[in-house]
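A closer look at the structure
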Amino acid sequence: MKQHEGGRQVRIGIITGSGTERLPGAQVLATMTPDTPYGPTSGPITLAEVSGRTVAFLARHGAGHSLPPQQINYRANLWALKSLGVEGIISSSAVGGLRPGYAPETFVLTNQLIDRSTGRIDTYFDGSRPTGVRHLPASDPFCSTLRRHLQQALTARGLPFQAQGTVVVINGPRFSTRAESAWYVSGGADIISMTQYPEPVLAAELNMGFANLAYVTDSDTGHDGSAPVTAEAVFGRLKAAQPHILAVLEAAVSTLDEGYRAPQLMDPEAVRIIMDQPVPGPSANAALGFEPAPAVSR
Ligand SMILES: CSC[C@H]1O[C@H](OP(=O)(O)O)[C@H](O)[C@@H]1O
Ligand SMILES: Nc1ncnc2[nH]cnc12
């Protein structure tokens, strides 16, 4: 088990989405910008104490929401969290609701996904390392234990939620057409996102558990008679909901006991080979076309 900051173990990661770039209730212990074999993360990773637990926190869109969903370096983000010792990740996302029951201001504990993104690198097992060919069993990409902790937190606060939901993930940055939205509903989707892929499968490839707290900000193209979604409407709803989103994330962290073990879906030896890769450093990142990471601060 890796240890940081005077022997503290970092076992829980938090990845937040649009509108949530800080954990105001957390005591910050350190801020770091880890290099990875895949280039820089979305931004600094903050080690913080939340409800007596040390967590590693990352805002997926970077500082000032500078990264659009299709440009996020998902592989670097998940690799960096694993390298800090993280075993389970709780994430948050703004989503559109596609059906009755998934109305704006409802929370959803996503349990299934349909990937309709394009061009995103969604595996560590791309043949470039001596891991052998690996195929992730992806039937249940969200961790039921982490979802249960989120459910307890939502219930305790009396917040409206759906205990299950299938998310369709589009590439963005544009929103969907009416025809696309209707098609996703006919295919079984309940909610729609631009970021919930490939985070869960990359986490699973590294034997980390992953759960998502989705918050419905809109009704997408307006199946319920409301106006079609705009980014402004999404951010407006998120601003009002932010205290609840943070409280639920923090409460879920507080109830996760030390005995949490992530589903082990990948051969640990293959994971070790991925995690033992040398980190090329900032100059190599630049050669790969990535911006240098911001400076480390403490
Ligand atoms: C501002 S609407 C589009 C943006 O918001 C969601 O991001 P996140 O899941 O990180 O909260 C959506 O998927 C898009 O990236
Ligand atoms: N309607 C929508 N489509 C895709 N991503 C979203 N994020 C929030 N609302 C969304």
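Residues numbered from 1 in each chain as written. Chains lettered and ligands numbered in written order. Predicted model: local features only at pLDDT ≥ 70, side-chain atom pairs only at ≥ 80, totals over all residues. Heavy atoms only, no water.

**Concerning the site of ligand 2**
For the record, the criterion: Being near a molecule or strand, for a residue, comes down to having at least one heavy atom within 4 Å of it. Whenever two N or O atoms come within 3.5 Å, that pair is a polar contact, provided that in protein one can donate a hydrogen and the other can accept it, and provided that, for residues adjacent in sequence, both atoms are side-chain atoms. We get accessible surface area from the Shrake-Rupley algorithm with a probe of 1.4 Å; when it comes to residues, only the shown protein chains can shield them. Where helices and strands are cited, they refer to DSSP runs of H or I of at least four residues and of E of at least two residues respectively, numbered from the N terminus. Side-chain classes are defined by residue name, with Ala, Val, Leu, Ile, Met, Phe, Trp, Tyr, Cys and Pro counting as nonpolar, Asp, Glu, Lys and Arg as charged, and the others, Gly among them, as polar.
Near ligand 2 the following residues occur: Ala-94, Val-95, Gly-96, Ile-170, Phe-175, Ile-192, Ser-193, Met-194, Thr-217, Asp-218, Asp-220 and Val-229. For ligand 2, a nitrogen atom lies 3.3 Å from a polar atom in the backbone of Gly-96. Between a nitrogen atom of ligand 2 and a side-chain N or O atom of Asp-218, the distance comes to 2.6 Å. Protein chains bury 95% of the 260 Å² of accessible surface belonging to ligand 2 in isolation. At three residues, strand S6 (residues 88-97) tops the list of elements feeding residues into the shell around ligand 2. Taken together, the residues of the shell around ligand 2 sort by class into seven nonpolar, three polar and two charged.

**Looking at the site of ligand 1**
Around ligand 1 sit 13 residues, and of these Ser-18, Arg-60, His-61, Met-194 and Thr-195 come closest. Interatomic distance of 2.8 Å between a side-chain N/O atom of Ser-18 and an oxygen atom of ligand 1. Within the side chain of His-61, one N or O atom sits 2.6 Å away from an oxygen atom of ligand 1. When residues of the shell around ligand 1 are traced back to their parent elements, those giving at least two are S6 and helix H5 (231-255). A class-by-class count of the residues in the shell around ligand 1 yields six nonpolar, six polar and one charged.

**Quick word on the pattern of salt bridges**
The following threshold applies: Salt bridges are counted wherever a side-chain nitrogen of Lys or Arg sits within 4 Å of a carboxyl oxygen of Asp or Glu. Whether a residue is buried, partly exposed or exposed follows from its accessible area with a 1.4 Å probe, protein chains only, as a fraction of its type maximum: under 20%, in between, or over 50%, in that order.
If you walk through the whole model with that rule in mind, you get 12 salt bridges. A salt bridge links Asp-267 to Arg-134; its shortest N-O distance comes to 3.2 Å. Here Asp-267 is found in the loop between H5 and helix H6 (268-275), whereas its partner Arg-134 is found in the loop between strand S8 (112-116) and helix H2 (144-156), with 133 residues between them in sequence. The shortest N-O distance in the salt bridge between Glu-269 and Arg-272 comes to 2.6 Å. Note that Glu-269 and Arg-272 are positioned in helix H6 at a spacing of three residues, about one turn of the helix. Judged by relative accessible area, which is 37%, Glu-269 ranks as partly exposed.

**With respect to the UniProt feature "domain: Nucleoside phosphorylase" (unreviewed entry) in the chain**
So the rule is basically this: UniProt positions are given in the numbering used here, feature names are shortened, and annotations may be inferred rather than shown by experiment.
Taking the UniProt record as the reference, the feature "domain: Nucleoside phosphorylase" (unreviewed entry) is found at residues 11-252. This span, residues 11-252, is 25% helix and 26% strand, and a straight line between its end C-alpha atoms measures 13 Å.

**Overview of the packing of aromatic side chains**
Put simply, the rule is: Aromatic rings from Phe, Tyr and Trp, taking only the six-membered ring of Trp, are treated as a pair when their centres fall within 6.5 Å; an angle between ring planes under 30 degrees marks them as stacked, one over 60 as edge-to-face, and anything in between as tilted.
Counted by the stated rule, this structure contains four aromatic pairs. Arranged with centres 5.9 Å apart and planes meeting at 35°, the rings of Trp-183 and Tyr-184 form a pair that is tilted. Residue classification places Trp-183 among the partly exposed residues on the basis of a relative accessible area of 49%.

**So, the nonpolar core**
Which entries qualify depends on this criterion: By nonpolar core is meant a set of buried Ala, Val, Leu, Ile, Met, Phe, Trp, Tyr and Cys residues that side-chain atoms within 4.5 Å join together. Pairs of residues are marked as contacts when any of their non-hydrogen atoms sit within 4.5 Å.
Of all hydrophobic cores here, the largest spans 46 residues; its most connected members are Ile-45, Leu-47, Ala-56, Leu-78, Ile-89, Tyr-124 and Ile-191. If we skip the residues at most four places from it in the chain, Ala-56 touches Val-10, Ile-12, Gly-13, Ile-14, Ile-45, Thr-46, Leu-47, Leu-81, Leu-84 and Val-86. Core analysis: the second largest hydrophobic core is formed by 34 residues, Val-55, Ile-90, Leu-159 and Val-229 among them.

**Focus: unusual backbone geometry**
Note that the residue after Gly-172, namely Pro-173, is joined by a cis bond; omega there is 0°. The linkage connecting Tyr-197 with the following residue, Pro-198, adopts the cis geometry, with an omega of 5°. Considering the arrangement of structural elements, one finds Pro-198 in the loop between strand S11 (191-193) and helix H4 (199-205). Of note in this structure, Asn-207 is not a glycine but carries a positive phi near 60°. Looking at the element boundaries, Asn-207 is found in the loop between H4 and strand S12 (209-218).

**Points about the environment of Ser-83**
In this fold, Ser-83 is placed in helix H1 (residues 74-83). Exposure remark for Ser-83: the relative accessible area of 16% places this residue in the buried category. Through-space distance from the C-alpha of Ser-83 to that of Asn-73 is 16 Å; in sequence the pair is 10 residues apart. Of the polar contacts made by the side chain of Ser-83, one reaches the backbone oxygen of Ala-80; its length is 2.7 Å.

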